[in-house]
Amino acid sequence: MEASELPDAVATAAPAAEIVVAAAAGVEADGSVSGATPAATGAGSGGGVAAAGAAPAATGTPAGAAGAKLGATAPAPAPTAAASAGDAAELGTPMQLLHSEAIVSHGKVNYRLFGKPNPARPLIVMVHGITAGLHVWNRLAQELAAAGEYVLTYDMFGRGGSILTSPETEHRMPIFVGQLAELLLALGPETQYLSTRPIHLVGQSMGSAVCVGFTEVYGHLVRRLVLMAPAGLPLDLPWAAGLLKLPGLGDLAAAVADVKTMTKDLSVPFFQKEHPASRAAINQMQRFMEQQFVVNKAYTKGLVSTFRHFPLGTLEKSYIAIGKQQVSQDVAGTSSGSSSSSKVPRPTLIVWGKEDKVTPFPNHVAAQKHIPHASFLILDNDGHIDHLYALYDTTRDRLFEFLEVARA
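Residues numbered from 1 in each chain as written. Predicted model: local features only at pLDDT ≥ 70, side-chain atom pairs only at ≥ 80, totals over all residues. Heavy atoms only, no water.

Visitor: Before we go on, may I ask you to explain the overall build of the protein chain in this structure?
Guide: For the protein chain, the count of helices and strands is 12 helices and 14 strands. Expressed as a percentage of its 408 residues, the buried residues of the protein chain come to 58%. Across the protein chain, contacts joining residues at least 24 apart in sequence account for 77% of those joining residues at least 6 apart. Total accessible area computed for the protein chain in this model is approximately 15,400 Å², and 56% of it derives from carbon and sulfur atoms. (Helix = DSSP H or I, 4+ residues; strand = E, 2+ residues; numbered from the N terminus. Buried < 20%, exposed > 50% of the residue type's maximum accessible area, 1.4 Å probe, protein only. Contact = heavy atoms within 4.5 Å. Areas by Shrake-Rupley, 256 points an atom, 1.4 Å probe, with all protein chains shown as cover.)

Have a look at this one:
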């Protein structure tokens, strides 16, 4: 499918073959990024990544049409710190937000790698939800790495340590699709990732929608797809999110709202509160959001922009498009689009809770219609994200099975 044929949500994303990697930029005290610098600087425990190239693309657009090809080589980055065994989830401890850093066209990306490169297996890429950060995947990523997989997690722009060059950039689908595409390119030397080898994509909520948008444009790269509580189909947002969508009034509300009120109204609807593990997870999410409201001055603006501009409930055309895509049966072969391999519909797993009120469970009917070959994990007593906390074991076991992960 040509870019001109794509739905509006992703029509302006960078062509599948080419991605521009921009020069690095400096981080200002207010959390924005400005001023070209020779290289990215590592943050927290991780090292830095910089890729030379053209100046950043214009605000509001994804990476340009000319530049290095996705999967091509780039300057070797500093080594990434290994994941610590204790990260799996002391929900009551302070959260480490910054890990390693890469620079892409629209800003800097905070990322984390788990495990070691495995040429025999696809890289697993995990994309978090609208108010969260890469930390939601720590436990699952560590278990995948312990089983021999190589896993990449990262903060989407406006969350965690990923900061847009311009805080005024609208949070539209092409920005997030371009962010992931450029990140894969920038990390090529470290991950040994090449565009001739496929990846597995795993998304949660808005992250699932980003996975759908990415897969529509870069379908030849995506071997298996996991969508948890996926956004993009018609949904009912929490009242606070609905308020933020309103021009003027939403900006005023975001500016004057009490931090604890905002975090409660935007996080509590995600969980089934009777689960003790989910109550702890609510506390974790609220702590993360509170840190963001204080540390990252662009966080509130980013949430407002996402609710206004990201297609949280209008991606049906994209779901239909990826439902028609086919991939090679050869997971570790020379190309997921190789003409020498027979093609099959892309294996897709959809995880959904019957009590999900954020991305409503009845939407699974539309998802099944649009991706008819998808398999489902339907969970009782699961809200929007309990499957990663109170119901974690069930979710992990099914994910390992679906991704054909070797278990000890």
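From this point, the narrative continues.
Visitor: Can you help me understand unusual backbone geometry in this one?
Guide: What you tend to see is this: most non-glycine residues have negative phi, and most peptide bonds are trans. If you check the backbone angles, Ser205 has positive phi at about 60° while not being a glycine. Looking at the element boundaries, Ser205 is found in the loop between strand 9 (199-204) and helix 4 (206-217). Positive phi is not limited to glycine here, since Ala229 has a value of about 45°.

Visitor: In this structure, what is going on with the pattern of salt bridges? I would like to understand it.
Guide: Any two side chains of opposite charge can pair, on the condition that their charged atoms come close. This structure, assessed with the given rule, holds 14 salt bridges. The residue Glu101 makes a salt bridge to Lys108 at a minimum N-O spacing of 3.8 Å. The exposure class of Glu101 is buried, given its relative accessible area of 7%. For Lys108, a relative accessible area of 9% translates into the label buried. One network of salt bridges, in which partners are shared, links Arg139, Glu143, Asp393, Arg396, Asp397 and Arg407. (Salt bridge = Lys/Arg side-chain N within 4 Å of Asp/Glu carboxyl O.)

Visitor: What is the right way to look at the nonpolar core in this model?
Guide: Core analysis: the largest hydrophobic core is formed by 61 residues, its most contacted members being Val125, Leu152, Tyr154, Leu184, Leu201 and Phe214. When residues of this core are assigned to their parent elements, the largest contribution, nine residues, is made by helix 2 (residues 173-186). Beyond its immediate stretch of four places on either side in the chain, Val125 contacts Leu152, Tyr154, Leu180, Leu184, Ile199, His200, Leu201 and Val202. Grouped together as the second largest cluster of nonpolar side chains are 28 residues, Ala132, Leu144, Leu349 and Val351 included. (Core = buried A, V, L, I, M, F, W, Y, C linked by side-chain atoms within 4.5 Å.)

Visitor: What is the right way to look at the packing of helix 4 against helix 10 (residues 316-323) in this model?
Guide: Angle between the axes and distance between the axes: these two values describe a pair of packed helices. Relative orientation of the contacting elements helix 4 and helix 10 amounts to 55°, with a least axis distance of 9 Å. With respect to each other, helix 4 and helix 10 are oriented oblique. For the crossing formed where helix 4 meets helix 10, the hand is left-handed. The residues of helix 10 that touch helix 4, namely those facing Val212, Thr215 and Glu216, are Ser318, Tyr319, Ala321 and Ile322. Residues that form the contact of helix 4 with helix 10 fall into these classes: four nonpolar, two polar and one charged. (Axes fitted to C-alpha atoms, helices over the stretch in contact; angles between N-to-C directions. Parallel < 35°, antiparallel > 145°, perpendicular 65-115°, else oblique. Left-handed = near helix turned anticlockwise from the far one by under 90°. Nonpolar A, V, L, I, M, F, W, Y, C, P; charged D, E, K, R; others polar.)

Visitor: Looking at this structure, I do not really get the side chain of His364. What am I missing?
Guide: Relative to the elements of secondary structure, His364 occurs in helix 11 (residues 364-370). The class for His364 is buried, based on a relative accessible area of 18%. There is a polar contact of 2.7 Å between the side chain of His364 and the backbone oxygen of Phe361. Contact partners of His364, with chain neighbours within four places excluded, come to Trp352 and Phe376. (Polar contact = N/O pair within 3.5 Å; in protein donor to acceptor, adjacent residues only side chain to side chain.)

Visitor: I keep staring at the environment of Ser328 and nothing clicks. Help me out?
Guide: Structurally, Ser328 can be placed in strand 11 (residues 326-328). Once the C-alpha coordinates of Ser328 and Pro345 are considered, the two residues, 17 residues apart in sequence, prove to be 8.7 Å apart.

Visitor: Even after reading the chapter, I still don't get helix 1 (residues 138-146), so can you show me in this structure?
Guide: Each full turn of the α-helix corresponds to 3.6 residues, which orients residues three or four apart in the same direction. Of the residues making up helix 1, those classed as buried are Asn138, Leu140, Ala141, Gln142, Leu144 and Ala145. The inward-facing, buried residues of helix 1 abut strand 5 (107-114), strand 6 (123-127), strand 7 (151-154) and helix 12 (392-402). Where helix 1 terminates, the next one or two residues include Gly148, which has phi positive at roughly 100°.

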